[in-house]
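Tertiary structure, described
The primary structure of each chain is shown beneath.
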Amino acid sequence: MAVTLSPHQRSLIDYYVPKDDVVYDLSEFFSVFADPTRLKILSALSITEMCVSDLCDSLGLRQSTVSHQLQYLRMYKMVKSRKEGKSVFYSIASEYIEDALNTGISFLGY
């Protein structure tokens, strides 16, 4: 038996379901969280800003891995950087990134 939507329900769906370009951007946003290494880096940076060597030491990752993932995270504007002398320090670009991480952790019950 098919369910028929009322005109009110249809108008709510039309209004609230994101349009295709927004859905695409959302899928790109959430795809960043699909990699365990990126999640570790974002989690560490949500605590404090760090340079690549600090991230490598803290997370037990190779420099090339961290640099590659930071480049990816910068491309999606999830992290920002600042230069101090010869060192580059990375931090979370927005509190919304931390909120997304914390929401996922809470949803999973951790």
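Use the structure listed above.
My aim in this report is to walk through the structure given alongside it, one point at a time. This one's a predicted model, so the numbers in the text were calculated from it and none came from an experiment.

**A word on the overall build of the protein**
Within the protein, the regular secondary structure consists of 6 helices and 3 strands. Secondary structure elements in the protein, listed N-terminal to C-terminal, are α-α-α-β-α-α-β-β-α. A globule of 110 residues ought to have a C-alpha radius of gyration of about 13 Å, yet the protein, at 19 Å, is considerably larger. The principal-axis extent of the C-alpha atoms belonging to the protein is close to 65 × 30 × 20 Å. Looking at the 110 residues of the protein, the share that counts as buried comes to 25%. Looking at the protein alone, contacts between residues at least 24 apart form 51% of all its contacts between residues at least 6 apart. Here the protein displays about 8,100 Å² of accessible surface, and carbon together with sulfur accounts for 57% of that area. Charged side chains of the protein number 11 positive and 13 negative; the gap between the two group centres comes to 6 Å.

**As for the side chain of Arg 38**
On the secondary structure map, Arg 38 appears in helix α3 (residues 36–45). Side-chain polar atoms of Arg 38 contact the backbone oxygen of Val 32, separated by 3.0 Å. Apart from residues no more than four positions distant in its own chain, Arg 38 is found in contact with Ser 31, Val 32, Gln 69, Tyr 72 and Leu 73.

**Things to note about helix α4 (residues 52–59)**
The complete set of buried residues in α4 reads Val 52, Leu 55 and Cys 56. Seen end-on, α4 carries its buried residues on one side only, within an arc spanning 100 degrees. Residues of α4 that are exposed and angled more than 90 degrees away from the buried face: Asp 57 and Ser 58. Elements in contact with the buried residues of α4: α3, β1 (50–51), α5 (63–75) and β3 (87–92). Positioned one or two residues after α4, Gly 60 has a phi angle of 65 degrees, which is positive.

Criteria and cut-off values
Residues numbered from 1 in each chain as written. Predicted model: local features only at pLDDT ≥ 70, side-chain atom pairs only at ≥ 80, totals over all residues. Heavy atoms only, no water. Helix = DSSP H or I, 4+ residues; strand = E, 2+ residues; numbered from the N terminus. Rg over C-alpha atoms; globule rule 2.2 N^0.38 Å. Buried < 20%, exposed > 50% of the residue type's maximum accessible area, 1.4 Å probe, protein only. Contact = heavy atoms within 4.5 Å. Areas by Shrake-Rupley, 256 points an atom, 1.4 Å probe, with all protein chains shown as cover. Lys, Arg positive; Asp, Glu negative; His and termini not counted. Charge placed at Lys NZ, Arg CZ, Asp CG, Glu CD. Polar contact = N/O pair within 3.5 Å; in protein donor to acceptor, adjacent residues only side chain to side chain. Arc of directions from axis to C-beta.

Interpretation in functional terms is not warranted from these geometric data alone.
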